[in-house]
Structure formats: structure tokens, C-alpha cells
Amino acid sequence: KQICSLLGSVFFFSVMGCVLLFVVFRWEEERYTDGSKWRFLEHKGPVFAPPYEPLPDKVKFYYDGKPMKLSAPAEEVTTFFSKMLDHEYTTKDIFRKNFFKDWRKEMTSEEKSKITDLNKCNFSEMSEYFKTQSEARKQMSKEEKQKIKEENERLLQEYGFCIMDNHKERIGNFRIEPPGLFRGRGDHPKMGMLKRRIRPEDIIINCSKDSKQPKPPPGTKWKEVRHDNKVTWLASWTENIQGSIKYIMLNPSSRIKGEKDWQKYETARRLKKCVDRIRTQYRDDWKSKEMRIRQRAVALYFIDKLALRAGNEKEEGETADTVGCCSLRVEHIKLYPKMDDQEYVVEFDFLGKDSIRYYNKIPVEKRVFKNLQLFLENKQPEDDLFDRLNTSILNKHLQELMDGLTAKVFRTYNASITLQQQLKELTCPDDSVPAKILSYNRANRAVAILCNHQRAPPKTFEKSMQNLQTKIDEKQNQLSAARKQLKAAKADRKASRDEKSKKTVEVKRKAVQRIEEQLMKLQVQATDREENKQIALGTSKLNYLDPRISVAWCKKFGIPIEKIYNKTQREKFAWAIDMAEKDYEF
DNA sequence: CACAAGACTTGGTATCACCGAT
DNA sequence: ATCGGTGATACCAAGTCTTGTG
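Residues numbered from 1 in each chain as written. Chains lettered and ligands numbered in written order. Predicted model: local features only at pLDDT ≥ 70, side-chain atom pairs only at ≥ 80, totals over all residues. Heavy atoms only, no water.

Under an unreviewed UniProt entry, chain A has the name DNA topoisomerase I and belongs to Amphiprion ocellaris. Per UniProt, chain A has the following entry under Subcellular location (unreviewed entry): "Nucleus". In its Catalytic activity (unreviewed entry) section, UniProt records this for chain A: "ATP-independent breakage of single-stranded DNA, followed by passage and rejoining." (UniProt positions renumbered as here; feature names shortened; annotations may be inferred.)

See below:
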């Protein structure tokens, strides 16, 4: 039964007294051809955020120096703010303005008339209270913690799974997001706005007609229950900050996500077959007499060469000002006909997704450079670089070049092919396992750099590096001590020539060897960590690298798959682990 | 065709749980 | 038993691309 829920369907046949067992992996089951995603879907609905618990009376809010008891709705909003007090963004004008505006909406008319200036508000007592609370939570006894854990587990068992077609599947996010203050990323114009509480009346449930429908909490009802098998989500609601829809969907380990993932890499592999043709064509298009075609061709070149994102248009003032390829503006690039010993250098400097800075200087071909000069003519810094292009034009063109081709396929393709090449280049068959893993991480890192996956250096980075260094120093001392001992033992053997001294030499030799290995491992670890300081490997590993490349590499070099993928990742990539052999080629 | 809505993937960070060292 | 560091996970925001509508 366990195997069944994990892998897929198990069939038994009995032929002439022999029991035959067939396991059909989920990813080998038949897929629907009519666009439907499932036949049967049953689940228990979402788990709602716990209701607001008013503050104890002794914890006071002060306005203009005087204590003031707030109505529950207004008080709840202040708790969100006071929990954030230590963050820099509560000092930002936009955050404070948005917060204050939304907070006032929750106030009674009396409160509204009294509280007119955020600067006269004192939340420090509340802030202290929450700090004490979280301290207390950390200090809880083992039993209490165990109890909470069990309750979480119970909730997970009850609400965390659904039945889709013949399988029990893990749900990705079965808890509804609690209310709070919105904090976008980067310079977000809506930071500080109130993210309202989601009620059952906001939720649309999706399940099959013949399933047991989820029950809303007592005394409430769902907004709607529908039976749409053309989509994969189980529940949805509209969020109030951007007015966008949020969904409850399945975990990456599910059949439906796994198949999609597989399909994505198959599309990228199809691109591999025709990428030469496409490259030849866009280079040709740099000479086109039509401006729109030249722009399209230069943009595609950037997407291909630099793994830039497509760059959809965004509504101004609704989100942080970030761009991708098609939405690049004049101010985001600089042209240098000559720079140091290179010609035709383009300097990119812009904020991409999540307001992560993209900074890069690259030499380009003369034709590209001349085209860029042309695109820049008579434009202001805030004008679009590619004024005759957007993502839908570009993708329409790509669709004509290859079925299923869109801008992001280039990112997937270039990421995966880079990993494969780098692994080929960096792996020495004679290396130890840790050294091979270092090579793997370096290959992974090359991809992360290509895709510009950055992270803030961990807060504990310097310290942990230091710790590691002391460990290395200690190991080195150990090693020289062990070597001395070995030398002494050898001398002793020469002098006495008895069995016992011979054995001692062997023992000491082994010890030296062991310490050498340990030292090497530590040094490798230090190198790896240093190189990884500002680079995030997770995103590319999870979203861009065909897992079959990694699985094949592991099989080829006898690396246990656990060294590359942790438990969650192994679950997500179960299809690839099952499928790929050591000679798999992307 | 433009535009908005909808669905789904990709993204960084805060927090949690665990584990080895003290 | 406690502490602190670390990897795993939860969280939820922000992209891409498709679909629907007038």
C-alpha cells in the first residue's frame, strides 16, 4: 500500500501459480488528451488562520503619551505593526503612510478622530510583549513542544493531502495566509498596506462532483464550489493588495507537477535540436531592414546569451520598478566602443525580478552594438530600449520557430546545457567523493551565476568561516603530529625489526591517511562555502536543471544521490531518479 | 488586437527543527 | 541538558505565459 501511494498503481496477476507484480509509475500512466487535468478530486478544504486574540489589558498602546484602549479590529492591525518595529521598513515613509491609511479604515469613528498622527503612536509596550512571548515559546518544555508538533502533524494528516485520480497526493500550501502588513520586495509602492483576513466566504473550492465536498467551518459557507477539471487548483481566493488570485495547489512531488516539470525539460531538449538554426536566423535578422525585426533579434540574442527573463510590461505604480529583457529602458544600458582591451562592450545595470540587481559588462558583436546605438537614437533615459517589441510579439515569433517555444525555454535550455558541459569539464574520475561533489557544486554555481541567482550573504557567514578555519588549523596540527609519530614509529621499526613495531607503523600510517582525508574534506568545504557566499544554488537546482543530468552523473561516478538531493528534492525528482541511466544526455 | 484575468512557475528570506559540540 | 550553527521548510511575493473578452 505504501509503495502504491508513493509510486503509482501496483497490479497483481497470477499466471500458472506465479504471482506477477507490475508497478506502473505515476509518470508512466496515461495522460488526458482533452486538456482535462483529472477525473476525480477530493480534499478537505483549507486551514484558516487562527482568530485574533486580543491583548491582555496590562499591555497598553499610547497615543500622544496617554494610554488608549482600542477596538479589537483596530488593535489587531497595531499588533502587526508592533511586531515589525525592529525592521527598517517601518521607518520608511511609504510604509508608514500606507499602514496608517489602512489602519484608519479599521478604526471606530471615535478612534479615527483621535488618532490622526502616526508619529504620536507608541507601540513599544506591545512590541516588548511580543518579544517576551516569542522568548517564552522558545523556552517551552520538551513536552509542550512535542504537543504542538503532534497537533501540526494531525492537521497535516487531515488537511495536507487530497485524492487526485487514483493517488493520495501532498498539498503544497493548505494553510490560508494569515492577515498582516504587506511587505513587497524592493521599492514597493504598496508596502505597509493591510493584507486582510481571508474568510470561508472568500474561498472558491474546486473538486470533482462525485467527491465528498469539503465542509466550511460551522456557521460559514464557501463563496462557491466548482468542478473544473481543466485546472489543477483545489481552492482559490482573491488577495486584496494587487487584486490577484491565490491558489491552493499540489506539492511538487505530485504526479501533476512532476509531469509538467518533465514536459518542461523535454521542450528544452527540443530547443537543443534547433537552437543552431534559431541562432543563425537571429544573427541574420540583425541586418533586417525592419526595425521591429532587428529589435526582436537583438532581444532574443540577450535572452539566449545572458539568460535574461522575457520582461513583461507592468502596471506603473502597482509594483516595484523592475524590468526584464523586453522592458529594458535606455537608462539600463551603457555602450562602450572600447573598454580596456575589449571592443563593443555593453554594460547592463538594472533591477530584475525581486529587485535583484543585474550588473554585467559584456563584449558583443559589432552588429549588435551598432543596432543598440540605433535603438538609442533620440531617446530619453526612461524610454523603452526595444520600443517595437514586447513579450507577446517575441513569444509569437518563437512559437513559429518551434512548437512550444517561449522566452523562458532559453533559460531552461542554457541552464541545463551549462550544467552538463561543466560537469563533463570539471569531474575527474579519480577524485574522491567530496572532491567530485565540489565539482558538482561548481557546475551548479556556474548556472546560478548565469541566471543571476543571488542571495544576501548569511548573517553568520564571517563567523562560520572563521570557525571552519580554526577547525582546519587544528586538523593541520593534528596532521603534523601524526606525521611525526609515523616517522618515529618507522625509526623504531628500523631499530628493533620486530612484529610489534611493524604493526605500529601500519597503524600510524593509517592515522595519517585518515587525517589527511579529513583535512581535505574541510578545505573543500571552505572553498565551496567561500565561493558560494552571495550565490543561491537552490533556485537553479529546483527549477532550471534537468534532474536527469544530475542523476546520470551520480550513477556514472558512483555518488549516492543523497549527496546531491535532499529528501524533498528526491521526492520532487522521483521521476528522474527512476528514469535516467548513467548515459543520459540532455 | 489590446487588455485584463487566470493559471502556473520561479524567487529570496524568515523561521523552524535538528544535530553535534560543550 | 543546553547552546549555537545549519540545512530544510514555510512563506508568500513576483515573475511568465495562456486564455478570455469586447
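Asker: What is the right way to read the environment of Glu128 from this model?
Answerer: Position of Glu128 among the secondary structure elements: in helix α5 (residues 124-139). Take Glu128: its relative accessible area is 44%, and that puts it in the partly exposed class. Taking C-alpha positions, Glu128 is 8.7 Å from Ser82, a pair spaced 46 residues apart along the chain. (Helix = DSSP H or I, 4+ residues; strand = E, 2+ residues; numbered from the N terminus. Buried < 20%, exposed > 50% of the residue type's maximum accessible area, 1.4 Å probe, protein only.)

Asker: Help me understand the nonpolar core, please; the structure alone is not making it clear to me.
Answerer: Taken as a class, soluble globular proteins show a tendency for nonpolar side chains to be buried jointly. In terms of nonpolar packing, the biggest core is built from 76 residues, with Leu271, Ile278, Phe302, Phe348, Leu372, Phe386 and Leu405 touching the most fellow members. Excluding residues that lie within four positions of it along the chain, Ile278 makes contacts with Leu271, Leu300, Leu401, Leu405 and Phe410. Counting 27 residues, the second largest nonpolar core, distinct from the first, contains Phe61, Trp103, Met126 and Tyr129. (Core = buried A, V, L, I, M, F, W, Y, C linked by side-chain atoms within 4.5 Å. Contact = heavy atoms within 4.5 Å.)

Asker: Just checking my understanding: could you explain helix α2 (residues 72-83) for this structure?
Answerer: Since the α-helix turns once every 3.6 residues, residues separated by three or four places project in the same direction. The terminal C-alpha atoms of α2 lie 17 Å apart, and with 12 residues this matches the ideal 16 Å at 1.5 Å per residue to within 8%. Among the 12 residues of α2, nine are classified as buried, and the element is accordingly described as predominantly covered. Listed as buried for α2 are Ala74, Glu75, Glu76, Val77, Thr78, Thr79, Phe80, Phe81 and Ser82. For α2, the elements touching its buried residues are α3 (93-106), α4 (109-114), α5, β9 (180-181) and β10 (194-195). (Expected span 1.5 Å × (residues − 1).)

Asker: Can you walk me through the protein's contact with DNA strand C in this structure?
Answerer: Among the 30 residues in the neighbourhood of DNA strand C, the closest are listed as Arg185, Gly311, Lys408, Lys463 and Thr568. Here, DNA strand C places atoms within 4 Å of the protein, and 86% of those atoms are sugar or phosphate. Taking Lys195, its side chain carries an N or O atom lying 3.3 Å from a phosphate oxygen of DNA strand C. Of all the secondary structure elements, the ones that give two or more residues to the surface near DNA strand C are α11 (407-426) and α13 (461-496). Grouping the constituent residues of the surface near DNA strand C by class yields four nonpolar, 13 polar and 13 charged. (Near = heavy atom within 4 Å. Polar contact = N/O pair within 3.5 Å; in protein donor to acceptor, adjacent residues only side chain to side chain. Nonpolar A, V, L, I, M, F, W, Y, C, P; charged D, E, K, R; others polar.)

Asker: What is the right way to read the confidence of the model for chain A from this model?
Answerer: Interpretation of this model should avoid reading the predicted coordinates in detail wherever pLDDT is low. Averaged over chain A, the pLDDT score is 89; the fraction of residues at 70 or greater is 95%. Scored below 50 in pLDDT, residues 1-7 makes 12 contacts in the model with residues more than four places away or belonging to other chains. (pLDDT = per-residue confidence, 0-100.)

Asker: Hey, could you run me through the sheet that holds strand β4 (residues 61-63) in this one?
Answerer: Strand pairs in the sheet, formed through backbone hydrogen bonds, run parallel or antiparallel to each other. Reading across the sheet, the three strands line up as β5-β4-β6 and stay open at both edges, with antiparallel pairing between neighbours. Each of the sheet's edge strands pairs with one partner strand only, and the pair in question is β5 (66-68) and β6 (121-122). As judged from the three bridges shared by β4 and β5, these two strands associate in the antiparallel manner. Along β5, the bridge assignment pairs Tyr62 with Pro67. (Pairing = 2+ DSSP bridges.)

Asker: So what exactly am I meant to see when it comes to the protein's contact with DNA strand B here?
Answerer: Lining the immediate environment of DNA strand B, one finds 26 residues, of which Arg185, Lys257, Lys353, Arg411 and Tyr544 sit closest. At 3.1 Å, a side-chain N or O of His453 approaches a phosphate oxygen of DNA strand B. The element that contributes the greatest number of residues to the surface near DNA strand B is helix α7 (residues 255-285), accounting for three residues. In terms of residue class, the surface near DNA strand B is made up of eight nonpolar, five polar and 13 charged.

Asker: What should I look at first to understand the packing of aromatic side chains in this one?
Answerer: How two aromatic rings sit relative to each other is given by the distance of their centres and the angle of their planes. Following the criterion strictly, the structure yields 26 aromatic pairs and no others. Aromatic pair Tyr301 and Phe302: ring centres 5.8 Å apart, planes at 40°, arrangement tilted. For Tyr301, a relative accessible area of 5% gives the class buried. For Phe302, a relative accessible area of 0% translates into the label buried. Taken together, the ring pairs in this structure connect Phe61, Phe81, Tyr89, Phe95, Phe99, Phe100, Trp103 and Phe123 into an aromatic cluster. One Lys or Arg, Lys83, reaches over the ring of Phe130 and ends 4.7 Å from the middle of that ring. (Phe/Tyr/Trp six-rings, centres within 6.5 Å; stacked < 30°, edge-to-face > 60°. Lys NZ or Arg CZ within 6 Å of the ring centre and 35° of its normal.)

Asker: I keep staring at unusual backbone geometry and nothing clicks. Help me out?
Answerer: Most peptide bonds take the trans form, and the phi angle of most residues other than glycine is negative. In this model, Ala307 sits at a positive phi of 55°, which is unusual for a non-glycine residue. Note on placement: Ala307 falls in the loop between α8 (291-306) and β15 (333-339). On the accessibility criterion, Ala307 (2% relative accessible area) is buried.

Asker: What exactly am I supposed to notice about the sheet that holds strand β13 (residues 235-238) here?
Answerer: Read across the open sheet, the four strands follow the order β12-β11-β13-β14; overall the sheet is mixed. This sheet does not close on itself; its edge strands, each paired only once, are β12 (224-226) and β14 (245-248). With direction set aside, neighbouring strand axes in the sheet form an average angle of 20°. The pairing of strand β11 (residues 204-206) with β12 spans three bridges and is classified as parallel. Opposite Asn206, over in β12, you have Arg226 as the bridge partner. (Axes fitted to C-alpha atoms, helices over the stretch in contact; angles between N-to-C directions.)

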